[in-house]
Amino acid sequence: MSEDRLAATRAHITEMIENGWSASAIASQSGISPITVGNLRSGKAQRVTEQVSSKIATLRARIANGEVERPRRGRKTAAGGDAPASGLPGKMAARPATGTGKPARSATTGSPAADFGDMISTRYVPVDIGKLQEMIDRLIARFTAAAEELDTIKSQLKP
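Since this is a predicted model, take the numbers as computed values, not measurements.

Glancing now at the overall build of the protein. Helix and strand content of the protein: six helices and zero strands. When each of the 159 residues of the protein is scored for burial, the buried share is 16%. Excluding contacts between residues fewer than 6 apart, the proportion of contacts in the protein whose partners are at least 24 apart in sequence is 56%.

Shown next as structure tokens:
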């Protein structure tokens, strides 16, 4: 029974992708983790729960009934509109160029001309977990050594 459910769920995902849906859009519309959708799509999943299968089937049915509009591909700005043609998020595209590829800086503070809240992306970014762990370990070692050096200097300053 669960093998039939797995096969049906994979078929639904494959059908939606063939009809222009991305795995990310399927995940966001169905409420299922993007990783789960990716594992089902690639065949890495060996089983599927009733809940996940039901959500995928429900989304497929809603699409078939025209209740859900096929998502457009492309970047969105924080406000929900399409990204500007320059490829830069919202306020960055409207800033004058400095010739360095960096945003113009405020003349009074030397800080970037606007807040960067609209540049924060909450989308999943794949990383090499081994390299990330190595980098974190190096940073921990570096800051630990720096803290020990500061303690040594501090102890030398006290009479």
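This part covers a nonpolar patch on the surface. A cluster of nonpolar side chains, contributed by V125, V127, I129, L132, M135, I136, L139, I140 and F143, occupies part of the molecular surface with about 830 Å² of accessible area. As for its placement among the helices and strands, F143 is situated in helix α6 (residues 129–157). F143 sits in the exposed class, given a relative accessible area of 58%.

Take the environment of W21 next. Assignment of secondary structure puts W21 in the loop between α1 (2–18) and α2 (23–30). Along the chain, W21 and R72 lie 51 residues apart, while their C-alpha atoms are 8.6 Å from each other.

Cut-offs and rules
Residues numbered from 1 in each chain as written. Predicted model: local features only at pLDDT ≥ 70, side-chain atom pairs only at ≥ 80, totals over all residues. Heavy atoms only, no water. Helix = DSSP H or I, 4+ residues; strand = E, 2+ residues; numbered from the N terminus. Buried < 20%, exposed > 50% of the residue type's maximum accessible area, 1.4 Å probe, protein only. Contact = heavy atoms within 4.5 Å. Patch = residues over 30% accessible without salt bridge, like charges linked within 9 Å, V, L, I, M, F, W, Y side chains within 5 Å. Areas by Shrake-Rupley, 256 points an atom, 1.4 Å probe, with all protein chains shown as cover. Salt bridge = Lys/Arg side-chain N within 4 Å of Asp/Glu carboxyl O.

Don't take any of this as a statement about function, it's just geometry.
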